[in-house]
Structure formats: structure tokens, C-alpha cells
Amino acid sequence: MSLCTKIPYSNPRVAAMAMVAIADKTADTRPKVPRSVYHCARCHSWHLSSQKPKGVASRRWTMAFRT
Ligand SMILES: [Zn+2]
């Protein structure tokens, strides 16, 4: 399904790995990199967001980063 313009990831772990890779590549050249992962209700997959995670999502996010 491609209801969204964003890249769909099948699970938050895959999305987190993709985000780390993007952040790694663009750390020097782009100030705006993905910072969090969220579940999309429209396409039922996961997307990257450049907004900082908050609350519970933030804790999950930090854990995803450390594994
Ligand atoms: Zn979506």
C-alpha cells in the first residue's frame, strides 16, 4: 500500500535502523535528520519523523537506539 508519501517500514526496529543510517550519512551535511519513529494509521506501517519524540515514545526511541 502506498497511501503515504513517506517511506513505509514494516516495523519500528527496521525504521530505527534506517534512521540511524540516514543520521550517520547526513550528520555533517544536513541539520534536519529523522529523530523518531511513529506508527501510521493510514498505511499501517511505520514512518520516520524529524520531530523529537516525547513521553513514552521517547523512552521507546532511546531503547531502539541503544540496541
Ligand atoms: Zn503512512
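Coordinates for the structure precede this section.
Everything numeric here is computed off the predicted structure, so don't read it as measured data. (Residues numbered from 1 in each chain as written. Predicted model: local features only at pLDDT ≥ 70, side-chain atom pairs only at ≥ 80, totals over all residues.)

### Let's talk about the overall build of the chain
Broken down by element type, the chain carries two helices and two strands. In the chain, the succession of helices and strands from N to C terminus is α-β-β-α. Looking at the 67 residues of the chain, the share that counts as buried comes to 15%. (Helix = DSSP H or I, 4+ residues; strand = E, 2+ residues; numbered from the N terminus. Buried ≥ 20, exposed ≤ 12 C-beta atoms within 10 Å, placed from the backbone.)

### Side note on unusual backbone geometry
The phi dihedral of His44 falls on the positive side, at around 55 degrees, and the residue is not glycine. Examined against the element boundaries, His44 turns out to sit in the loop between strand 1 (36–39) and strand 2 (46–49).

### Examining helix 1 (residues 12–26)
Compared with an ideal rise of 1.5 Å per residue, which puts 15 residues at 21 Å, helix 1 spans 21 Å between its outermost C-alpha atoms and is within 8% of the ideal. For helix 1, every residue scored as buried is listed here: Ala15, Ala16 and Met19. When helix 1 is viewed along its axis, its buried side chains cluster within an angular range of 100 degrees and face the same direction. Across helix 1 from its buried face, at more than 90 degrees, point the exposed residues Ala21, Asp24 and Lys25. (Expected span 1.5 Å × (residues − 1). Arc of directions from axis to C-beta.)

### Regarding the pairing of strand 1
Bridge analysis of strand 1 against strand 2 gives four bridges, and the strand direction is antiparallel. Within strand 2, the residue paired with Val37 across the bridge is Leu48. Between strand 1 and strand 2, which pair antiparallel in sequence order, lie six residues; one of them, His44, sits at a positive phi of approximately 55 degrees. (Pairing = 2+ DSSP bridges.)

### Focus on the nonpolar core
Grouped together as the largest cluster of nonpolar side chains are six residues: Tyr9, Ala15, Ala16, Met19, Val37 and Trp46. Leaving out residues up to four positions away in the same chain, Ala15 has contacts with Tyr9, Val37, Trp46 and Leu48. (Core = buried A, V, L, I, M, F, W, Y, C linked by C-beta atoms within 7 Å. Contact = placed C-beta atoms within 7 Å.)

### Points about the environment of Ser45
Within the secondary structure layout, Ser45 lies in the loop between strand 1 and strand 2. Measuring from C-alpha to C-alpha, the distance between Ser45 and Tyr9 comes to 5.6 Å, with 36 residues separating the pair along the chain. In contact with Ser45, other than residues within four places in its own chain, are Pro8, Tyr9, Ser10 and Cys40.

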